Amino acid sequence: MDLSTTVLLTVIIGSMFLFIQRAEPKRRLLVAVITLLVGVLVRNYTFYRDVHTEAWVALGAALLLNFLFWLLIGRYNPVSSSDEIQVIGMDD
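Report on the accompanying structure.

1. Quick look at the overall build of the protein chain
Within the protein chain, the secondary structure is distributed over three helices and zero strands. Against the compact-globule benchmark of 12 Å for 92 residues, the protein chain has a radius of gyration of 17 Å, which places it well outside the compact range. Projecting the C-alpha coordinates of the protein chain onto the three principal axes gives extents of approximately 55 × 25 × 20 Å. Taking all 92 residues of the protein chain together, 22% fall into the buried category.

Take a look at the structure:
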């Protein structure tokens, strides 16, 4: 098993999950569609390079890391809408 390929796939797959998890609720469908397209590219890379074991390990690691992020940070800092964001220092 190639460790560098596993780390690369973990970062890519983990980023995809994190983008969906932290996306604004109104834009979550668009982010999911873009992530699906990137997922197809990752799947094609996995089949082309024949790194199925590394891909499964990376998927498990990415799910674990994203769950830990949600458990430690995401639950206490939910994603808010962009309409609720206030810029400090603006006069209006």
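2. Brief notes about the nonpolar core
Ranked by size, the top nonpolar core spans eight residues in total: Leu9, Ile13, Met16, Val42, Val51, Ala55, Ala58 and Ala62. The set of elements that each furnish at least two residues to this core consists of helix 1 (3-21) and helix 3 (52-74). Sequence-distant contacts of Leu9, defined by excluding residues within four places in its chain, comprise Gly14, Val42, Tyr45, Val51, Glu54, Ala55 and Ala58.

3. Some remarks on the packing of aromatic side chains
This structure, assessed with the given rule, holds one aromatic pair. The interplanar angle of 35 degrees and the centroid separation of 5.9 Å between the aromatic rings of Phe67 and Trp70 together place this pair among those described as tilted. On the criterion of helical spacing, the pair formed by Phe67 and Trp70 is a turn pair, its members being three residues apart in helix 3. Its relative accessible area of 38% is what places Trp70 among the partly exposed residues. The ring of Trp70 carries Arg75 above its face, with NZ or CZ at 5.6 Å from the centroid.

4. Re the environment of Thr6
Here Thr6 is to be found in helix 1. Residue classification places Thr6 among the buried residues on the basis of a relative accessible area of 8%. Distance from Thr6 to Glu54, taken between C-alpha atoms, is 5.0 Å for residues 48 residues apart in sequence. The contact partners of Thr6, leaving out residues within four places of it in the chain, are Met1, Glu54, Val57 and Ala58. For Thr6, the side chain forms a polar contact with the main-chain oxygen of Asp2, separated by 2.9 Å.

What counts as what
Residues numbered from 1 in each chain as written. Predicted model: local features only at pLDDT ≥ 70, side-chain atom pairs only at ≥ 80, totals over all residues. Heavy atoms only, no water. Helix = DSSP H or I, 4+ residues; strand = E, 2+ residues; numbered from the N terminus. Rg over C-alpha atoms; globule rule 2.2 N^0.38 Å. Buried < 20%, exposed > 50% of the residue type's maximum accessible area, 1.4 Å probe, protein only. Core = buried A, V, L, I, M, F, W, Y, C linked by side-chain atoms within 4.5 Å. Contact = heavy atoms within 4.5 Å. Phe/Tyr/Trp six-rings, centres within 6.5 Å; stacked < 30°, edge-to-face > 60°. Lys NZ or Arg CZ within 6 Å of the ring centre and 35° of its normal. Polar contact = N/O pair within 3.5 Å; in protein donor to acceptor, adjacent residues only side chain to side chain.

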